[in-house]
Amino acid sequence: MVIGKRKIVFLACIAVLSVLCIVAAVTGKKSSIKVMRLSESFDQIVINQPGAVITLQKNADEWKLNESDFTATKAYANNMEKVLKELKVLAKAGSASSENQRNKFGLTDDKKIMVQALKNGSVIRTLEVGKVSQTSTQSYVVLDGSSDVILVSGNLPAIFGKSEIDLRNHLIYSTSGYEIKSVSVNYGPKTWGVERTSEIGADESTWKWTGDSPRLILDEEEADLWVMTLDSLTASKWIEVDMKLPAPEGVVTVDSKEGPVVLTFYKTGSGDDEKYICECNLTSHKFEVLKSVAQKYLKSAEELGKK
């Protein structure tokens, strides 16, 4: 059967109109997500986990952990702030007054995580965090003592269920390699170093030996490349217990515009059990660094001499 040209055009127009109607219906449908926004900022977060209480106190652009000099990892703290400021409610899931439903949603006292946001000591938002839904991207919550259990967007147990140790920021220092003025290394029988002779920010960096420099011509390009690798240091883990340390393996001072960073390295064990413990003037806590990281700092002057 041959279909006429006009009929084909007519049918095509119907198909296009049908698609347009479907798109309009979908895009025109109102979102079912309700965002519960806080109208004011907060300066403290208290997290009551089963068996532990964690307090985060705002200090400039950082969050201090449990009144210590540890700060929370910025990404983790930002996630907490975002959830507390803008809770995305998807639906009502059940009744918070029913013990059976509380148990169903992981909201009993022995399972839930209680989170409070405070401003100047006053609570301005409370979340009772239960378990995640089957998708693991949504969570069951009671907001501000409500009688309803609500389903909200996000894996809140993962956000608020981290231990204090997991929350700790492992960054010891961070600067720009272009702003490092000098590096001093006390390693082995010598104390040597390199010092920038060019202006900070200059197109080309120049360096000179300092201290017990070897009888070698400094390879300034190698020195510059090495200094650039010392722009930051991250602990692999914090040391939780007091431990007797051997004599220092070496002491390295990295001096930049922000001030000097003094690192004392201790080597423990040998072979596969070899570890490097470090102390730093920026923190009162000892920490462990990877062997490759320690060896990057504990360099011999001869390695920077021209071959």
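Every value quoted in this text rests on a predicted model; they were computed, and no experiment measured them.

Digging into the overall build of the protein chain
Next, step 1: Counting its secondary structure elements, the protein chain contains seven helices and 19 strands.
Next, step 2: Across the 307 residues in the protein chain, those meeting the buried criterion constitute 36%.
Next, step 3: Contacts spanning at least 24 positions in sequence make up 55% of the contacts within the protein chain whose residues lie at least 6 apart.
Next, step 4: As presented, the protein chain carries roughly 17800 Å² of accessible surface, and 51% of it is formed by carbon and sulfur atoms.

Thoughts on the confidence of the model for the protein chain
Next, step 1: Taken over all residues, the pLDDT of the protein chain has a mean of 89, while the share at 70 or more is 90%.
Next, step 2: Within the model, the stretch residues 19–30 combines pLDDT values under 50 with zero contacts to residues more than four positions away or in other chains.

Some thoughts on the layout of surface pockets
Next, step 1: By volume, the largest pocket amounts to about 460 Å³.
Next, step 2: As for the largest pocket, its lining consists of 22 residues, of which Glu 62, Asp 69, Thr 71, Asn 169 and Leu 171 are closest to the centre.
Next, step 3: Sorting the residues of the lining of the largest pocket by element identifies strand 4 (62–65), helix 2 (74–85), strand 10 (171–174) and strand 19 (283–289) as the ones contributing at least two each.
Next, step 4: Counting residues per element, the lining of the largest pocket draws most heavily on helix 2, which supplies four residues.
Next, step 5: Across the lining of the largest pocket, the residue classes tally to nine nonpolar, six polar and seven charged.
Next, step 6: Approximately 190 Å³ is the volume found for the second largest pocket.
Next, step 7: As for the second largest pocket, its lining consists of Asn 79, Lys 82, Val 83, Glu 86, Leu 87, Lys 88, Ser 153, Gly 154, Leu 156 and Ile 159.
Next, step 8: Within the residue set of the lining of the second largest pocket, elements represented by two or more residues are helix 2, strand 5 (86–95) and helix 4 (156–160).

Comments concerning the packing of aromatic side chains
Aromatic ring pairs are defined here through the distance separating the ring centres and the angle between the ring planes.
Next, step 1: All told, the structure shown has seven aromatic pairs when counted by the stated rule.
Next, step 2: A ring pair is formed by Phe 105 and Tyr 140, whose centres lie 4.4 Å apart and whose planes are at 40°; its orientation type is tilted. Separated by 35 residues along the polypeptide, Phe 105 in the loop between helix 3 (99–104) and strand 6 (113–119) and Tyr 140 in strand 8 (residues 138–143) bring together distant segments of the chain.
Next, step 3: Ring pairs connect the aromatic residues Phe 70, Trp 238 and Phe 287, which therefore count as one cluster.
Next, step 4: The ring of Tyr 76 carries Lys 162 above its face, with NZ or CZ at 4.6 Å from the centroid.
Next, step 5: In this structure, Arg 168 packs its charged tip against the face of Phe 70, placed 3.9 Å from the ring centre.

Side note on helix 6 (residues 220–228)
Next, step 1: Of all the residues in helix 6, the buried ones are Ala 223, Asp 224, Trp 226 and Val 227. Projected down its long axis, helix 6 carries its buried residues within an arc of 165°, all on one side.
Next, step 2: Summarising the contacts, the buried residues of helix 6 are in contact with strand 11 (180–187), strand 12 (190–196), strand 13 (207–211) and helix 7 (291–297).

Focus on the pairing of strand 12
Next, step 1: Looking at chain direction, strand 11 and strand 12 are connected through six bridges and run antiparallel. Opposite Val 183, over in strand 12, you have Val 194 as the bridge partner.
Next, step 2: Linkage of strand 11 to strand 12, two consecutive antiparallel strands, is achieved through a turn of two residues, within which Gly 188 is found at a positive phi near 75°.
Next, step 3: Pairing geometry for strand 12 and strand 13, over five bridges, is antiparallel. Looking at strand 13, one finds that Gly 193 is bridged to Thr 210.

Examining the sheet that holds strand 4
The strands making up a sheet associate through backbone hydrogen bonding, with each pair oriented either parallel or antiparallel.
Next, step 1: The strand order 1-5-9-8-7-6-2-3-4 describes an open sheet built from nine strands, whose pairing is antiparallel. Edge positions in the sheet fall to strand 1 (34–37) and strand 4, since each of these pairs with one other strand and no more. Each strand axis lies, on average, 35° off the axis of its neighbour in the sheet, ignoring direction.
Next, step 2: Across five bridges, strand 2 (residues 44–49) lies against strand 6 in antiparallel orientation. Note that in strand 6 the partner of Ile 45 across the bridge is Ala 117.
Next, step 3: Together, strand 1, strand 2, strand 3 (52–59), strand 4, strand 5, strand 6 and strand 7 (122–132) form the strand contacts of helix 2, whose direction differs from that of strand 5 by roughly 65°.

Observations regarding the side chain of Ser 133
Next, step 1: Mapped onto the secondary structure, Ser 133 falls in the loop between strand 7 and strand 8.
Next, step 2: By relative accessible area, Ser 133 is classed as buried at 10%.
Next, step 3: Setting aside its immediate chain neighbours within four residues, Ser 133 contacts Gln 138, Ser 139, Tyr 140 and Leu 151.

Some words on the sheet that holds strand 16 (residues 250–256)
Next, step 1: Strands sit in the order 13-12-11-16-17-18-19-15 across an open sheet of eight strands; the sheet is antiparallel. Unpaired on one side and paired on the other, strand 13 and strand 15 (237–238) mark the two borders of the sheet.
Next, step 2: In terms of strand pairing, strand 15 meets strand 19 through two bridges, oriented antiparallel. Across the sheet, the residue bridging to Trp 238 is Phe 287, located in strand 19.

Side note on unusual backbone geometry
Next, step 1: The phi dihedral of Asn 66 is positive, around 45°, even though this residue is not glycine.
Next, step 2: When you line up the elements, Asn 66 lands in the loop between strand 4 and helix 2.
Next, step 3: Asn 66 sits in the partly exposed class, given a relative accessible area of 27%.
Next, step 4: If you check the backbone angles, Glu 67 has positive phi at about 55° while not being a glycine.
Next, step 5: Structurally, the position occupied by Glu 67 is in the loop between strand 4 and helix 2.
Next, step 6: Of the residues examined, Glu 67 reaches a relative accessible area of 83% and is grouped as exposed.

What counts, and where the lines are drawn
Residue numbers run consecutively from 1 along every chain, following the written order of its sequence. Confidence filtering applies because this is a predicted model: local features only for residues at pLDDT of at least 70, side-chain atom pairs given and counted only at 80 or more, and all residues used for totals across whole chains, interfaces and linings. Processing note: side-chain calculations cover all non-hydrogen atoms of the structure and skip hydrogens and water entirely. Going along the chain from the N terminus, every DSSP run of H or I of four or more residues is numbered as a helix, and every run of E of two or more is numbered as a strand. Note on exposure labels: buried denotes an accessible area under 20% of the residue type's maximum, exposed denotes more than 50%, and partly exposed covers the range between, all computed with a 1.4 Å probe on protein chains only. Any two residues whose heavy atoms approach within 4.5 Å at even a single point are treated as in contact. Note on areas: these come from Shrake-Rupley sampling with a 1.4 Å probe, and a residue is covered only by the protein chains present in the view. Per-residue confidence from the predictor is given as pLDDT, running between 0 and 100. Lining residues are those with an atom within 4 Å of a point, where the points come from a 1 Å grid over the protein atoms alone and group into cavities, where a 1.4 Å probe fits but cannot get out, or pockets, open sets with protein on both sides within 12 Å along at least five of seven lines. Grid points are joined across faces, edges and corners, and a volume is the space filled by probe spheres set on the points. Under the scheme applied here, ten amino acids are nonpolar (Ala, Val, Leu, Ile, Met, Phe, Trp, Tyr, Cys and Pro), four are charged (Asp, Glu, Lys and Arg), and all others, including Gly, are polar. Two rings from Phe, Tyr or Trp (for Trp, the six-membered ring) form a pair when their centres are within 6.5 Å of each other. A pair whose planes differ by under 30 degrees is stacked, one over 60 is edge-to-face, and the rest are tilted. The criterion is that NZ of a Lys, or CZ of an Arg, lies within 6 Å of the ring centre and within 35 degrees of the ring normal, and then a charge sits over that ring. Relevant arc is that of directions from the helix axis to the C-beta atoms, nothing else. Pairing between two strands requires that DSSP report at least two bridges joining them. Only the contacting stretch of a helix is used when fitting its axis, a line to C-alpha atoms as for every element, and angles between N-to-C directions run 0 to 180 degrees.

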